[in-house]
Amino acid sequence: PGPAVPLPQPALLTNASSDPKLGAELRAELVTADRVDLLCAFVKLYGLRVLAAELTQLKERGIPLRVLTTTYMGATDRKALDRLVRDFGAQVRINYETQSTSLHAKAWIFRRNTGYYSAYVRSSNLSRATRREGIEWNVQRDGEYTMQFLVQFEYTFDTNRQQPSYRITKSQQESSLVKETPAIA
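This structure is a prediction, so every number in the text was calculated from the model and none was measured.

K.L.:
Any chance you could explain the environment of glutamate 54 here in plain terms?
P.N.:
Relative to the helices and strands, glutamate 54 is located in helix 3 (residues 52-60). Spatially, the C-alpha atom of glutamate 54 lies 9.4 Å from that of phenylalanine 88, the residues being 34 residues apart in sequence. Among residues more than four places away in sequence, those in contact with glutamate 54 are Arg27, Leu30 and Val31.

Here it is in structure tokens:
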């Protein structure tokens, strides 16, 4: 099944009981995407667990998954980064500059070869608390009305990916620069 939000209607997802659930929307988007970009201040193991089946399918279909994240506040789980790279084939870049840079932006962009795309710009990180209990604002937009947004997002995402402060993570050894944190959130 596709996303619960009618296309191309924008939506504000707040974790209210009457709202479509962000996790279900992301799962529906992942199974139809031909390219996925994720910008997230931190990544937690639980956040990946709830999307694992769809992320595995993404890898099996050979769909690129590009991730930009940080070590902001020491919140990113090293095991989550390892899993992104090893199990889901993600191209992960991490910003380790905690003194001069803090990334607060969070977004998913789902592109399709048809030219159609969906974007979720959100307050939620990839964690349990922000997906289930937190009061979050997640805005969903679709391609027809926001092409300029997509162009600007792609330019900004790609520009940040090329910054020397974002280092490529290919293995467990490289992600060991991220301190181990409990995978509870």
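We are not done yet, so read on.
K.L.:
For this particular structure, what's the right way to read the packing of aromatic side chains?
P.N.:
The geometry of an aromatic ring pair is captured by the separation of the ring centres together with the interplanar angle, meaning the angle of the planes. Per the counting criterion, the structure on display carries one aromatic pair. Ring geometry for tryptophan 108 against phenylalanine 110: centres 5.5 Å apart, planes inclined by 5°, an arrangement best described as stacked. Phenylalanine 110 shares its class with tryptophan 108; the two are buried.

K.L.:
Which parts of the structure should I look at to understand the confidence of the model for the chain?
P.N.:
Atomic detail in the predicted coordinates should be set aside for any region of low pLDDT. Counting all residues, the mean pLDDT for the chain is 77, and 69% of those residues have values of 70 or more. When mean pLDDT is compared element by element in the chain, helix 3 scores highest at 97, while helix 7 (residues 172-175) scores lowest at 49. This stretch, residues 180-185, has a pLDDT under 50; its non-local contacts, to residues over four places away or in other chains, come to 17 contacts.

K.L.:
Quick question: what am I supposed to make of the pattern of salt bridges here?
P.N.:
Pairs can form between side chains of opposite charge whenever their charged atoms are close. This structure, assessed with the given rule, holds 10 salt bridges. Linking glutamate 154 and arginine 35 is a salt bridge whose minimum nitrogen-to-oxygen distance equals 3.2 Å. Residue glutamate 154 is found in helix 6 (residues 147-161), and its partner arginine 35 is found in strand 2 (residues 35-39); the two are separated by 119 residues along the sequence. For glutamate 154, a relative accessible area of 26% gives the class partly exposed. The salt bridge partner of aspartate 37 is arginine 66, with a shortest N-O separation of 2.7 Å. Of this pair, aspartate 37 sits in strand 2 while arginine 66 sits in strand 3 (residues 65-70), and the two are 29 residues apart along the sequence. What makes aspartate 37 buried here is its relative accessible area of 0%. Bridged by salt links that share partners, the residues Arg35, Asp37, Arg66, Arg111, Glu154 and Asp158 form one connected network.

The rules behind the values
Every chain is numbered independently, its residues counted from 1 as its sequence is written. It should be noted that, the model being predicted, local features are given only for residues of pLDDT at least 70 and side-chain atom pairs only at 80 or more, the latter also being counted only at that level, while totals for whole chains, interfaces and linings use all residues. Water and hydrogen atoms play no part in the side-chain values, which are based on all heavy atoms of the structure. A run of DSSP states H or I qualifies as a helix once it reaches four residues; a run of E qualifies as a strand once it reaches two. Both are numbered from the N-terminal end. Any two residues whose heavy atoms approach within 4.5 Å at even a single point are treated as in contact. Stacked, edge-to-face and tilted labels apply to pairs of Phe, Tyr and Trp rings (six-membered ring for Trp) whose centres lie within 6.5 Å, assigned for plane angles under 30 degrees, over 60, and everything in between, in that order. Throughout this description, buried means an accessible area under 20% of the type-specific maximum (1.4 Å probe, protein chains only), exposed means over 50%, and partly exposed covers the range between. Each residue carries a pLDDT score, the predictor's confidence in it, ranging from 0 to 100. The salt bridge definition used is simple: a Lys or Arg side-chain nitrogen within 4 Å of an Asp or Glu carboxyl oxygen.

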